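# Structural features, examined
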Amino acid sequence: MFESIRRARLQREGLSCGKTRRKHQEGDLFDEMRTHPAGTVGVYVLFFIGVVVLMRLGTRVEDGLPALTWLHALYAAAIGFALVAHERVVLRQEISDNGVLLLVLGTIFTHLALIVFTLDMSSGQSWGKTLKAVVLPHAFGPLVLSVILGRRIGLFGAIYATLLGVLVCVSVSAPTYMATSVIIGFTGVLLTKRVRRRNRLFMAGLYVGVVAMAYSLLLHEAAGVIMEEKIGRMVGLPLVIGIVTGMAVGGLLPVLESVFGVTTDVSWLELADLNHPLMRRLSIEAPGTYHHSLVVANLSEAAAENIGASAGMCRVCSYFHDIGKLSKPEYFIENMDPSANPHEDLTPRMSALVIIAHVKDGVDLAIKHNLNSRIIDVIEQHHGTSLAWFFYRQALDQKAEMERLVRQSKAKEDDVPQVSEETFRYPGPRPQYKESAIISLADAVESASRTLEKPNASRIETMIDEIVQARMVDGQLDECDLTIAELARIKASFAKTLLSMMHGRIKYQKAVESKPQAPVRDESKPLLAGDDETPSAASNKIVEASFAGSAAESTVKKSRSRKSPPASAA
C-alpha cells in the first residue's frame, strides 16, 4: 500500500509514469519453503504415510492375505531409512529443493498406487500369480523420473519402487516381483537417454513391452506353468502394458513440467522455435542482436555438450537472453547506425543506465510473454553483477578532466561529478548454475571476438583466457558449480567453435584474359561455308597463340595447367 502511495506522489510530480515493472519470483515465502528443512521433513512424512496406506490396501486386493504386522512396519522403516540416506548422500545436488523432492517421492508413490490398482483390477481375472507380476506397470516411475530429472534419479526410483513394492504387493511372490520390477524398470531407464522427441517415449514403451513379453515367456517356463496360461495373454498383455505406459508418460510430461516448474529436453526442443514473436521482433528491429544471439547459442550449446550440461537449455536461453534490447535497440553497438551515435548526447552514467536496463526490460518482456522460468533466470544472470567498464572508464576520465579544470580555476568544485562503481554495475544476481554461467561467458566471448584483428588460434585462445580469468577475479563465477576442469573444457570448446566461425578464406585473383583479335580475312579469297561461325573459347586461344608467337603460346599452356582451388574453399 505504501509503495502505491509513493508511486502516486511521484507520478503527480512528473517523476514517474505510474507503471510498475514486472518482477521474477516475487513470492519470498514460496522460495523459503522450497529450501526450508521443515518442508523437507513434511514431504518425507507425507510420503511414508501414503506408503503405509498403500500397504494396507495391498492386503485387501485378495481374500486370505496376511494383515499388516509390526514386522512389516519395521521392514518399511528400514527401507525408508535407506531411501533418505541414499538421497542425502548421493543425490543431494540433483534433488536440491523440496519441489524436486516432492516430484521424486510423488512419482514413486503414484507408481505404487498404480500397481495396487492393477492388482485390484486383476483380482477378478483368472490369471496366475506369475502373470500378475509381469503385467504390472513396473516402468512407469523409472520412465517419468529418468526423462524429467535424469537417469541417475530414474535408477533411484526403480530401486526403491522395487523395495517398497515388495511390501505393498503381498499377493505376489517377493522374489518374482523383485526380479520382474528390476529388469523392466532398469530397461526403461536404459532406453531414455536424451529423449528429445515424444515418439521416443512411445518407442521406449514398445521396447519395454518386448522385454516384458520375452521375460514373461521365460518366467512361465522356469516356473513350470507355461501350459496353464493362454499364450495370447502371456505374450500380449505385457506388450500392451509397456506401450500404454510409454504413451501415458508422454501425455503426463507437460502436466508435471507445469506443476513442478521443470523442463525436459523434449520441451527445450519445442521452445527452440525462431518463429516466436519475440525472436521475429528481434530479427526485424534489432538484427545485430539477433545474429549475436544465434552465435552465442552455438557457442554455449557446444560447451554444454562438452561438460554434460543441458545443451538444449543453453541454446534456447541464448536465443532470448538479450530480448531486453528491443526497448532501445539503437543504443547498442551491434544495431547502431555508424553515422549517429545516441550516446554522444548522454552522460556516461545515463548511457550505462540505458545499457544496464536491458536486463530488467528483458525480464519484463519474458514475463509478459509467459516464457519458461529458466529463460527468465538466464536473462537476469547473464551479466551477473559485472561492470559496464567502457562507460565507467569514460566517467572517470570526465571526472579527472573536471578536477584538472578546478585546479586551473576554470571550473567550480561543485561541477566535479561523483563516480560510484556500484552505479555502473548490473543488478545481478550472479550465475547460479552451469548453464547460465556458460551463456554469460559465451556472451562476453562473442562480443570480444568482434574486436579481433586477423583472428587466429593463438589470439582467440588468449582472448578467451583473459575474459574467463577476469570473470573469476571479479567473483562472477563464485555462485555456480562449475569446476576448474569444466572451465578448461568450456574454453577449449569456445576456441574451437570461434575458430571454425572466423576461419580464413582463399583470396581469389581476377582472371584477366586479353581478348583475341579477330583475324583479318583476305577480301580476294572467296568466303567458304562455315567462315561466318564464331570460334569456341579454346580455338580463340589457339588462334591468338598462332598470331602472337611463342610467348603467347606458352601463356596458353600455363593457363591450361593452372589448378583451380578446391571446392571446400568456395
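Residues numbered from 1 in each chain as written. Predicted model: local features only at pLDDT ≥ 70, side-chain atom pairs only at ≥ 80, totals over all residues. Heavy atoms only, no water.

What the rule picks out here adds up to six aromatic pairs. Between Phe-390 and Phe-391 the ring centres are 5.2 Å apart and the planes differ by 85°, which places this aromatic pair in the edge-to-face class. Since its relative accessible area comes to 58%, Phe-390 is described here as exposed. A residue is classified by how much of its surface remains accessible, and Phe-391, at 10% relative accessible area, is buried. Chaining the aromatic ring pairs together yields one cluster made of Tyr-44, Phe-47 and Phe-48. (Phe/Tyr/Trp six-rings, centres within 6.5 Å; stacked < 30°, edge-to-face > 60°. Buried < 20%, exposed > 50% of the residue type's maximum accessible area, 1.4 Å probe, protein only.)

With respect to the helices and strands, Val-100 occurs in helix α5 (residues 98–122). Sequence separation between Val-100 and Val-262 is 162 residues, and the spatial gap between their C-alpha atoms is 8.5 Å. Setting aside residues no more than four positions away along its own chain, Val-100 makes contact with Glu-94, Ile-95 and Leu-149. (Helix = DSSP H or I, 4+ residues; strand = E, 2+ residues; numbered from the N terminus. Contact = heavy atoms within 4.5 Å.)

A word on the packing of helix α20 (residues 457–473) against helix α21 (residues 484–501). As a packed pair, α20 and α21 sit with axes 10 Å apart at the nearest point and diverge in direction by 140°. Between α20 and α21, the angle is such that the two are oblique. Handedness of the crossing formed by α20 with α21: right-handed. Where α20 abuts α21, its residues Ala-457, Ile-460, Glu-461, Met-463, Ile-464, Asp-465, Val-468 and Met-472 lie against Ile-484, Leu-487, Lys-491, Phe-494, Ala-495, Leu-498 and Leu-499. Here the residues of the contact of α20 with α21 are counted per class, giving twelve nonpolar, no polar and three charged. (Axes fitted to C-alpha atoms, helices over the stretch in contact; angles between N-to-C directions. Parallel < 35°, antiparallel > 145°, perpendicular 65-115°, else oblique. Left-handed = near helix turned anticlockwise from the far one by under 90°. Nonpolar A, V, L, I, M, F, W, Y, C, P; charged D, E, K, R; others polar.)

With that out of the way, let us pick up the pattern of salt bridges. This model, assessed by the stated rule, comprises 17 salt bridges. Lys-132 is the salt-bridge partner of Glu-62, the closest N and O atoms lying 2.7 Å from each other. Taken as a pair, Glu-62 in the loop between α3 (37–58) and α4 (70–90) and Lys-132 in helix α6 (residues 129–134) lie far apart in primary sequence, 70 residues in all. According to the relative accessible area criterion, Lys-132 is buried, its value standing at 7%. (Salt bridge = Lys/Arg side-chain N within 4 Å of Asp/Glu carboxyl O.)

Here we take up a negative patch on the surface. On the surface, a cluster of negative charge is contributed by Glu-403, Glu-413, Asp-414 and Asp-415. By secondary structure assignment, the location of Asp-414 is in the loop between α18 (389–407) and α19 (434–449). Assessed through its relative accessible area of 72%, Asp-414 is described here as exposed. (Patch = residues over 30% accessible without salt bridge, like charges linked within 9 Å, V, L, I, M, F, W, Y side chains within 5 Å. Areas by Shrake-Rupley, 256 points an atom, 1.4 Å probe, with all protein chains shown as cover. Lys, Arg positive; Asp, Glu negative; His and termini not counted. Charge placed at Lys NZ, Arg CZ, Asp CG, Glu CD.)

This brings us to helix α16 (residues 348–368). The periodicity of an α-helix, 3.6 residues per turn, causes residues three or four positions apart to be oriented the same way. Helix length check: α16 (21 residues) gives 30 Å between terminal C-alpha atoms against 30 Å at 1.5 Å per residue, within 8%. After α16 finishes, the residue Asn-370 shows a positive phi value of roughly 55°. (Expected span 1.5 Å × (residues − 1).)

The next point concerns the layout of surface pockets. Considering only enclosed or pocket space, the second largest pocket measures out at about 1400 Å³ in volume. Lining the second largest pocket are 36 residues, and of these His-383, Trp-389, Phe-390, Tyr-426 and Ser-447 lie nearest its centre. Only α14 (287–307), α16, α18, α19 and α20 provide two or more residues apiece to the lining of the second largest pocket. Here the lining of the second largest pocket takes five residues from α19, the largest share from any one element. Looking at side-chain class alone, the lining of the second largest pocket contains 15 nonpolar, twelve polar and nine charged residues. (1 Å grid on protein atoms, 1.4 Å probe; cavity = no way out; pocket = protein on both sides within 12 Å on 5 of 7 lines; lining within 4 Å. Points joined across faces, edges and corners; volume = space filled by probe spheres on them.)

To continue, consider empty space enclosed by the protein. On inspection of all chains with the given rule, the structure shows one cavity of 30 Å³ or more. Looking at the largest cavity, its volume works out to about 70 Å³. Surrounding the largest cavity, 13 residues form its lining, Leu-136, Ile-184, Val-208, Ile-241 and Gly-242 being those nearest its centre. Broken down by secondary-structure element, the contributors of at least two residues to the lining of the largest cavity are α10 (198–223) and α11 (231–260). Examining the composition of the lining of the largest cavity, we find that four residues originate from one element, α11, more than from any other. Across the lining of the largest cavity, the residue classes break down as nine nonpolar, four polar and no charged.

In terms of nonpolar packing, the biggest core is built from 53 residues, with Phe-320, Ile-323, Ile-375, Ile-438, Ile-464 and Phe-494 touching the most fellow members. At the level of secondary structure, the elements contributing two or more residues to this core comprise α13 (277–285), α14, α15 (311–320), α16, α17 (373–381), α19, α20 and α21. Aside from chain neighbours lying at most four places away, what touches Phe-494 is Leu-299, Ser-300, Ala-303, Ile-438, Leu-441, Ala-442, Val-445 and Ile-464. Formed by 34 residues, the second largest nonpolar core is a distinct cluster that contains Leu-65, Ala-76, Val-104 and Phe-156. (Core = buried A, V, L, I, M, F, W, Y, C linked by side-chain atoms within 4.5 Å.)

Moving on: the side chain of Ser-449. When you line up the elements, Ser-449 lands in helix α19. One polar contact links the side chain of Ser-449 to the main-chain carbonyl oxygen of Glu-446, over a distance of 2.6 Å. Filtering out sequence-adjacent residues up to four positions away, Ser-449 remains in contact with Met-463, Leu-498 and Met-502. (Polar contact = N/O pair within 3.5 Å; in protein donor to acceptor, adjacent residues only side chain to side chain.)

Next up on the list: a nonpolar patch on the surface. Among the surface-exposed residues, Val-41, Val-45, Ile-49, Val-53 and Leu-57 lie close enough to one another that they form a single nonpolar patch of about 420 Å² accessible area. Its location among the elements puts Leu-57 in helix α3.

In this model α20 runs 24 Å from its N-terminal to its C-terminal C-alpha over 17 residues, within 8% of the 24 Å that 1.5 Å per residue would give. When we look at burial in α20, the residues that qualify are Ile-460, Met-463, Ile-464, Ile-467, Val-468 and Arg-471. All buried residues of α20 project into a common sector of 125° when viewed along the axis, lining one side. Opposite the packed face of α20, turned more than 90 degrees from it, sit the exposed residues Glu-466 and Val-473. Next to the buried residues of α20 lie α19 and α21. Sitting at the amino-terminal end of α20 is Asn-456, which places a side-chain oxygen 3.3 Å from the backbone nitrogen of Ser-458. Of the residues one or two after α20, Gly-475 is the one with positive phi, at around 80°. (Arc of directions from axis to C-beta.)

Attention now goes to the side chain of Glu-257. Secondary-structure assignment places Glu-257 in helix α11. Despite its burial, Glu-257 pairs with no opposite charge, the nearest such side chain being Arg-198 at 4.5 Å. Setting aside anything within four residues of it in sequence, one finds Glu-257 in contact with Val-262, Thr-263, Thr-264 and Ser-267.

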